[in-house]
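Descriptive analysis of the structure
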Amino acid sequence: GFCDWRLPTYLELLTLLDLGRGGPAIAAPFRTACPQGCSIATCSCTDDSPREYMTSSTLADLDSYFVYVDFDLGVSAFTPKTGLYRVRAVRKLP
């Protein structure tokens with residue numbers, strides 16, 4: 001186990017987008033089905049209907065909002081920090 005997981009920035013999460021694909025617009029290396037016995041809560045995998053994933057990026061004028069990336073539509077937007085969103089944690093490479 002590692003203990004240095006964090007939320008990706010907006011720009012980091014954008015690197016997972018593949019705008020040439022339809023929903024989900026996730027680049028092939030990150031579009032992995034959950035193996036039998038795993039779920040998105042227990043394994044690193046993508047479910048069949050990924051939607052909005054939150055980032056650590058906030059709006060400059062309004063830090064109560066964060067930026068999210070919608071992998072179903074291939075777009076990004078911002079929303080209040082009060083909602084529930086999926087996360088895709090990242091680590092610093094050695």
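None of the values given here were measured: they were computed from a predicted structure.

Some thoughts on the pattern of salt bridges
Here the structure, examined in full by the defined rule, presents two salt bridges. The salt bridge partner of Arg-91 is Asp-4, with a shortest N-O separation of 2.8 Å. Highlighted residues: Arg-91 in the segment after strand S3 (75–80) and Asp-4 in the segment before helix H1 (10–14), separated in sequence by 87 residues. The class of Arg-91 is partly exposed, set by a relative accessible area of 28%. Accessibility expressed as a relative area gives 34% for Asp-4, which makes it partly exposed. Note that Arg-6 is salt-bridged to Glu-12, the shortest N-O span being 2.8 Å. Given the relative accessible area of 36%, Arg-6 is considered partly exposed.

Here is what the cut-offs are and how they apply
- Residues numbered from 1 in each chain as written.
- Predicted model: local features only at pLDDT ≥ 70, side-chain atom pairs only at ≥ 80, totals over all residues.
- Heavy atoms only, no water.
- Salt bridge = Lys/Arg side-chain N within 4 Å of Asp/Glu carboxyl O.
- Helix = DSSP H or I, 4+ residues; strand = E, 2+ residues; numbered from the N terminus.
- Buried < 20%, exposed > 50% of the residue type's maximum accessible area, 1.4 Å probe, protein only.

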